[in-house]
Amino acid sequence: KTSMERYRPALHFSADKHWINDPNGLVFYKGEYHLFYQYHPHSTIWGPMHWGHAISKNLVTWEELPIALYPDELGAIFSGSAVVDWNNTSGLQTGEEAVMVAIFTHHGEDNEKQSIAYSNDRGRTWVKYEGNPVVSNPDLKDFRDPKVFWHEETSKWIMSLACGDHIRFYRSHNLKDWEYLSSFGEKYGNHGGVWECPDLINLEVEGEQLKKWVLIVSVNPGGPNDGSAIQYFTGDFDGRMFVTDQCESEEKWADWGRDFYAAVTWSGTEQPIWIGWMNNWQYANQTPTAEFRGSMSIPRSLSLENKEGVHTLIQTPILSDEMRSNTIFDRQNGSFESLTVKVPEQPFMVELKLNNLSSFDILLKGEGGNLRVEFDGASQEVRVDRTKSGLVEFSEHFASVDAMPLKSFQDALLLVDKASVELFVNGGRSVMTESFYPTGSINTLEFKSSLNEPVEYKQIGVQSFSL
Ligand code: FRU
């Protein structure tokens, strides 16, 4: 492989060429998952934003399609969402096919406002609505990233909008005329930076016949390990107002790693599924790839757990069974002080089941750098140390040891691609996504007790993928 393509992900979406950031317009229609994204088609650094476009039938393999939306006299095309307007509430349907409507931010030199575009050919071509913008700017500097869903109970479209330090909610019966409802957030959660890319979703609570509302909010900077990250609030939404059951100072993080941002859910799927941009604004413009820059996370399905009144987001990576081709290592009920497993080059997946939170490291080793995942029973946390993981000097913000608190430990799943690791602990209740840039392939896994005593395990498994 040329050094240029070394960091091309195998399991994750990346554009063939040029810059991408946030996933946009996630919508499912007639067997196709649409993924639009912030795209700069002339450069590998951020610039005048377009909506790039890709589709997938399985959320694993993607086909890139022509650019869907270009900047115009109202401005660049910033982040937003898309819906299928099944009942033609917008009146924009022209043929047999249900009309898809994209709701996005026009980022002009003067200000930000919301506009719509529509497609009558299954998302292949898009026409901007002649009445744009549909929500004009009420004199707010940050006023962007509309995420729209159909609220059954009130038979209305609801829009969540990021407004600097709070989220505003609007509603509409036709996707064109919007009425302001309420706002949430000045006093809640993390305000280390600007709020972006909201999503209000209704999630099933595991083991209960109940659903609960969750408000997703990206914040940049302010993340628990610095820079960009995603927080969430659990609560209620009555069609007008979101009310959280959290106290003001409480922070809930969807992902404790440095590289999971701007994630939102697909519209129109049975189970909520989201995908994020696997990057951090602190160094996104400097990552050492050549022809392309930026990639998406693995898509993850979402649910919620209620433990004594505390609701926790659960994320499960979407990996088809056919992908998991090859068991490289599988051992039950043993112990290690040090255990070495040879692995083929990434991607691969490591699964681990233990009885409790022991103190040990998993080292991902290669000629071109080592990534260390440290489970620490004493301080009750897991850390990802990427200080010696390969190329780290492209940004002063990159070389880091990032930590996530863990009260207990049952299992972990590590998904390792060419330039990323996604760590799902305790069935996806604690998650960390980190990018890294080794200058050669990872070829060895080392499990190592960090105290002078054996670590007992229920299972250690390693699998490779075929794609
Ligand atoms: C989040 C974000 C959005 C904005 C877009 C611009 O990463 O800053 O708020 O719409 O990126 O590319």
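Residues numbered from 1 in each chain as written. Predicted model: local features only at pLDDT ≥ 70, side-chain atom pairs only at ≥ 80, totals over all residues. Heavy atoms only, no water.

**Things to note about the sheet that holds strand β28 (residues 401–405)**
In step 1: An order of β23-β32-β25-β26-β27-β28 is seen for the 6 strands of this open sheet, with the pairing classed as antiparallel. In the strand order of this sheet, the two ends are held by β23 (338–342) and β28, each with one partner. Averaged over all neighbouring strand pairs, the angle between strand axes comes to 15 degrees, with direction disregarded. (Pairing = 2+ DSSP bridges. Helix = DSSP H or I, 4+ residues; strand = E, 2+ residues; numbered from the N terminus. Axes fitted to C-alpha atoms, helices over the stretch in contact; angles between N-to-C directions.)

**Topic: the site of the ligand**
In step 1: Near the ligand the following residues occur: N21, D22, Q38, W46, M49, F78, S79, R144, D145, E196, Y261 and W281.
In step 2: Here an oxygen atom of the ligand sits 3.0 Å away from a polar atom, N or O, in the side chain of W46.
In step 3: S79 has a polar backbone atom sitting 3.1 Å from an oxygen atom of the ligand.
In step 4: Taking 320 Å² as the accessible area of the ligand by itself, protein coverage stands at 96%.
In step 5: Listing elements by their share of the shell around the ligand, those giving two or more residues are β1 (18–29), β5 (76–85) and β9 (144–151).
In step 6: Partitioned by chemical class, the residues of the shell around the ligand number 5 nonpolar, 3 polar and 4 charged. (Near = heavy atom within 4 Å. Polar contact = N/O pair within 3.5 Å; in protein donor to acceptor, adjacent residues only side chain to side chain. Areas by Shrake-Rupley, 256 points an atom, 1.4 Å probe, with all protein chains shown as cover. Nonpolar A, V, L, I, M, F, W, Y, C, P; charged D, E, K, R; others polar.)

**Topic: empty space enclosed by the protein**
In step 1: Overall, the coordinates contain 2 cavities of 30 Å³ or more when judged by the stated rule.
In step 2: Roughly 140 Å³ of volume is contained in the largest cavity.
In step 3: Taken together, 14 residues make up the lining of the largest cavity; nearest its centre are Y7, G294, S295, A419 and Y437.
In step 4: Counted by class, the lining of the largest cavity contains 6 nonpolar, 7 polar and 1 charged residues.
In step 5: In this structure, the second largest cavity encloses a volume near 60 Å³.
In step 6: Around the second largest cavity, the lining comprises 13 residues; the ones closest to its centre are S79, G80, D145, C197 and V264. (1 Å grid on protein atoms, 1.4 Å probe; cavity = no way out; pocket = protein on both sides within 12 Å on 5 of 7 lines; lining within 4 Å. Points joined across faces, edges and corners; volume = space filled by probe spheres on them.)

**Considerations on the pairing of strand β29 (residues 411–417)**
In step 1: In terms of burial, β29 is largely enclosed, as 6 of its 7 residues are buried.
In step 2: One ladder, built from 6 bridges, connects strand β24 (residues 348–354) with β29; its direction is antiparallel. What sits directly across from F348, in β29, is V416.
In step 3: Alignment of β29 against strand β30 (residues 420–425), held across 6 bridges, turns out to be antiparallel. In the strand pairing of β30, L415 is matched with E422.
In step 4: Counted between consecutive antiparallel strands, the loop separating β29 from β30 contains 2 residues. (Buried < 20%, exposed > 50% of the residue type's maximum accessible area, 1.4 Å probe, protein only.)

**Topic: the pattern of salt bridges**
In step 1: Enumeration over the complete set of coordinates arrives at 28 salt bridges.
In step 2: Measuring nitrogen to oxygen at the nearest pair gives 3.7 Å for the salt bridge that ties K147 to D199. With a gap of 52 residues between them, K147 in strand β9 and D199 in strand β13 (residues 194–204) connect regions that are remote in the sequence.
In step 3: On the accessibility criterion, K147 (7% relative accessible area) is buried.
In step 4: According to the relative accessible area criterion, D199 is buried, its value standing at 2%. (Salt bridge = Lys/Arg side-chain N within 4 Å of Asp/Glu carboxyl O.)

**A word on the confidence of the model for the protein**
Detailed conclusions should not be drawn from predicted coordinates in areas where pLDDT is low.
In step 1: Mean pLDDT over the protein stands at 96; residues scoring 70 or higher make up 99%.
In step 2: Two numbers describe this predicted complex: its pTM, 0.98, and its ipTM, 0.99. (pLDDT = per-residue confidence, 0-100.)

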